[in-house]
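The primary structure of each chain is shown beneath.
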Protein chains: 2
Amino acid sequence: MATEAVENYLKAMYTLARESPTGEAGMKALATMVGVTTGTATTMVKRLAAAKLARYERFGGVRLTTKGEAAAVDILRRHRLIETFLVQTLKLDWAVVHDEAERLEHAISPVVLEALDRHLGHPSSDPHGDPIPSAEGRIREPGGRPLTDFETGQRGRVVRIADQDADFLKFVDASGLRPGAPFEIRSVDAAAQTMSVRARGRDPVALALAAARKIVCERE
Amino acid sequence: MATEAVENYLKAMYTLARESPTGEAGMKALATMVGVTTGTATTMVKRLAAAKLARYERFGGVRLTTKGEAAAVDILRRHRLIETFLVQTLKLDWAVVHDEAERLEHAISPVVLEALDRHLGHPSSDPHGDPIPSAEGRIREPGGRPLTDFETGQRGRVVRIADQDADFLKFVDASGLRPGAPFEIRSVDAAAQTMSVRARGRDPVALALAAARKIVCERE
DNA sequence: CGCAAAAGTTTGATGAGTCAAACTCTGAAA
DNA sequence: TTTCAGAGTTTGACTCATCAAACTTTTGCG
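Draft legend 1. Structural context of the overall build of chain A. Assigned secondary structure in chain A consists of 8 helices and 8 strands. The principal-axis extents of the C-alpha atoms in chain A amount to approximately 55 × 45 × 25 Å. Contacts in chain A between residues at least 24 apart in sequence constitute 53% of all its contacts with a sequence separation of at least 6.

Right, here's the structure in full:
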């Protein structure tokens, strides 16, 4: 139904809306996330508005309509089920599956998607810990607090990794801080903007607070 | 590399070349197979020629270059591996997987494709009995003779089904004449243009010679 | 407040892929 | 050998998605 480009804009708008308190997305941020110029984003956003997928007014930002949000959640479901399949069934490295899923998500039909879901046993989250929306479009709000909210000596468990960069994921993997992993904060060095964390059964690793902010966790 | 449209033209040209003694494709046939007007096909064929994927001259038909054929075989490999996966792993009906694979074949990367191949145990043919090209681009020439070449009383085994129409495949499935199935010709009625065939362990079925021509078999 | 920088918009262009319709060529039948 | 139907080609137009560059609005800082 929607073209590949339209789906990418919807997904980006959904992601940006989660991150902003107003639920709105700016053109600059949207254009950057989709990988186009702001002029192109403006043009496309007008089309989305004409198709009732978004609400938009000049210089006023853009937000998804209910219809647009449903479409975005559907794309998210496709993306995350595919990622899960690539890791679980095909044994691909979780660091690379994001980009692969990015291509496949536009080509998979409802029939294949539901077969995939069945084959995987209806998983509730993907390899990065992100929730997989249900076929009806319900999505569990991802909870947890960034690793930077924890203090020296506190213990917890990784919930999800809020960054799809392959190199970062490889680092996380090597540190043992995959979703589900229990950890303990060894130290925080505010001046150096770093902290030291030990995953169960691993040596402690040092990481920048900026990196730690991408690791979302919960209290043990 | 090649766009989706280009890949579809290459695939169609490859298929048409197999069916014609000259190895050439006419614009009408090409356009029909791709699903565009002949004018569009002419335009695209010129682009393919400019990209050294095809050789073409005005009013003279079109044929793939070595490079174009390699690209076509690669698409065939993707298509057939995906079909095999959809049937074997996801348990989808073999009658519907052709159309699904048609969409996915353009979106699958080499990394995912090879993982799929490994997961499936490097199959040599797809659910319809068509050979799957190797990663290096080698493809076994599909042998066999149409069911219409057999005579009353002869026995044989189905090799492949040379038609992807879902309804026809459902009929073949119901008759027990899937690839690999042994059969015996019960009778041939040249006047009525039909024949009666019995698959092992099944009741005999009557089918038109036109249909039987699409069922490729070998002597027992 | 005033004004520059940042954000956003518009415009004119491009390339891919397509169609409809006018036109041209080829080949087989009369 | 003529002719005409069918195959093939060309042209002009359109949509989608994009960019560069000129332009406008908003915003935050001094």
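Draft legend 2. Here's a closer look at the relation of the copies chain B and chain A. For the pair chain B and chain A, the best superposition has an RMSD of 0.1 Å and corresponds to a rotation of 180° with a translation of 0.0 Å parallel to the axis. In the structure described here, the two chain copies are related by an operation that fits a two-fold rotation axis. The overlap is high: 100% of the interface residues of chain B also sit at the interface in chain A, so the same surface is used on both sides.

Draft legend 3. Representation of the nonpolar core within the structure. Counting 59 residues, the largest nonpolar core has Ile82, Ile215 and Cys217 of chain A together with Ile82, Ile215 and Cys217 of chain B as its most contacted members. Not counting the four nearest positions on each side in its chain, Ile215 of chain A is found in contact with Pro146, Leu147, Val158, Ile161, Val172 and Leu177 of chain A.

Draft legend 4. View of the interface of chain B and chain A. Every contact between the two is made by 17 residues of chain B and, on the other side, 17 residues of chain A. Secondary-structure elements contributing two or more residues to the side of chain B that touches chain A are helix H5 (97-104) and helix H6 (110-120) of chain B. Tallying contributions element by element places H6 of chain B first for the side of chain B that touches chain A, with 5 residues.

Draft legend 5. Structural view of the protein's contact with DNA strand C. DNA strand C sits among 20 residues. The nearest are Gly26, Lys28 and Gly39 of chain A together with Thr3 and Gly39 of chain B. Those elements giving two or more residues to the surface near DNA strand C turn out to be helix H2 (27-34) and helix H3 (38-50) of chain A together with helix H1 (4-19) and helix H3 (38-50) of chain B. Across the surface near DNA strand C, the residue classes tally to 7 nonpolar, 11 polar and 2 charged.

Draft legend 6. Just the sheet that holds strand E6 (residues 194-199) of chain B, in detail. Within the open sheet, the 6 strands sit side by side as E3-E8-E4-E5-E6-E7 (chain B). Their pairing is antiparallel. The outermost strands of the open sheet, each flanked by one partner alone, are strand E3 (145-146) and strand E7 (205-208) of chain B.

Draft legend 7. Spatial organisation of the sheet that holds strand E5 (residues 182-189) of chain A. Residues and elements named next belong to chain A. With antiparallel pairing, the 6 strands of this open sheet are ordered in space as E3-E8-E4-E5-E6-E7. Each edge of the open sheet is held by one strand with a lone partner, namely strand E3 (145-146) and strand E7 (205-208). Two strands pair when backbone bridges link them, and strand E4 (residues 155-161) and strand E8 (residues 215-219) are joined in this way by 5 bridges, in the antiparallel orientation. Bridged to Arg157 within E8 is Glu218.

Draft legend 8. Fine view of the environment of Arg202 of chain B. All names here are of chain B. Position of Arg202 relative to the elements: it lies in the loop between E6 and E7. With 14 C-beta atoms counted inside 10 Å, the residue Arg202 sits in the partly exposed group. Once the C-alpha coordinates of Arg202 and Gly61 are considered, the two residues, 141 residues apart in sequence, prove to be 46 Å apart. If near-sequence neighbours (up to four positions away) are discounted, Arg202 is found in contact with Ser175 and Gly176.

Draft legend 9. Geometry of the domain arrangement of chain A. Annotation of chain A at the domain level lists domain 1 (4-64), domain 2 (74-141) and domain 3 (145-219). Averaged C-alpha coordinates put domain 1 of chain A and domain 2 of chain A at centres separated by 23 Å.

Draft legend 10. Seen up close, the pairing of E7 of chain B. Residues and elements named next belong to chain B. The pairing of E6 with E7 spans 4 bridges and is antiparallel. By the bridge assignment, Val197 is partnered in E7 with Val205. Turn length for the E6-E7 hairpin, with the two strands adjacent in sequence and antiparallel, is 5 residues, and the turn residue Gly201 shows positive phi of about 80°.

Draft legend 11. The arrangement of the packing of H1 of chain B against helix H4 (residues 66-88) of chain B in detail. Residue and element names in this part refer to chain B. Between H1 and H4, the least distance of the axes is 9 Å, while the angle of their chain directions is 100°. One element, H1, and the other, H4, form an angle in the roughly perpendicular class. Where H1 abuts H4, its residues Glu7, Leu10, Lys11, Met13 and Tyr14 lie against Gly68, Glu69, Ala71, Ala72, Ile75 and Leu76. When its residues are assigned to classes, the contact of H1 with H4 shows 7 nonpolar, 1 polar and 3 charged.

Draft legend 12. Quick look at unusual backbone geometry. Residue and element names in this part refer to chain B. Phi is positive for Lys52, which is not a glycine, with a value near 65°. One non-glycine residue with positive phi stands out, namely Phe59, at about 60°. Of note, Phe59 is situated in the loop between strand E1 (54-56) and strand E2 (62-64).

Draft legend 13. Region of interest: the pairing of strand E5 (residues 182-189) of chain B. Residues and elements named next belong to chain B. By the bridge criterion, 3 bridges tie strand E4 (residues 155-161) to E5 in an arrangement that is antiparallel. Of the residues in E5, the one forming a bridge with Arg157 is Pro182. Two strands pair when backbone bridges link them, and E5 and E6 are joined in this way by 6 bridges, in the antiparallel orientation. Paired with Asp189 across the bridge in E6 is Thr194.

Draft legend 14. Seen up close, the packing of H4 of chain B against H6 of chain B. Residue and element names in this part refer to chain B. The N-to-C vectors of H4 and H6 enclose an angle of 50°; their axes lie 10 Å apart at closest approach. Considering the angle they form, H4 stands oblique to H6. For the pair H4 and H6, the crossing hand works out as left-handed. In this structure, H4 uses Arg78, Leu81, Thr84, Phe85 and Gln88 to contact H6, whose residues at the interface are Leu113, Leu116, Asp117 and Leu120. When the residues that make up the contact of H4 with H6 are grouped by side-chain class, the tally is 5 nonpolar, 2 polar and 2 charged.

Here is what the cut-offs are and how they apply
Residues numbered from 1 in each chain as written. Chains lettered and ligands numbered in written order. Predicted model: local features only at pLDDT ≥ 70, side-chain atom pairs only at ≥ 80, totals over all residues. Helix = DSSP H or I, 4+ residues; strand = E, 2+ residues; numbered from the N terminus. Contact = placed C-beta atoms within 7 Å. Least-squares fit on C-alpha atoms with pLDDT ≥ 70 in both. Core = buried A, V, L, I, M, F, W, Y, C linked by C-beta atoms within 7 Å. Buried ≥ 20, exposed ≤ 12 C-beta atoms within 10 Å, placed from the backbone. Near = placed C-beta within 6 Å. Nonpolar A, V, L, I, M, F, W, Y, C, P; charged D, E, K, R; others polar. Pairing = 2+ DSSP bridges. Domains from an automatic or database assignment. Axes fitted to C-alpha atoms, helices over the stretch in contact; angles between N-to-C directions. Parallel < 35°, antiparallel > 145°, perpendicular 65-115°, else oblique. Left-handed = near helix turned anticlockwise from the far one by under 90°.

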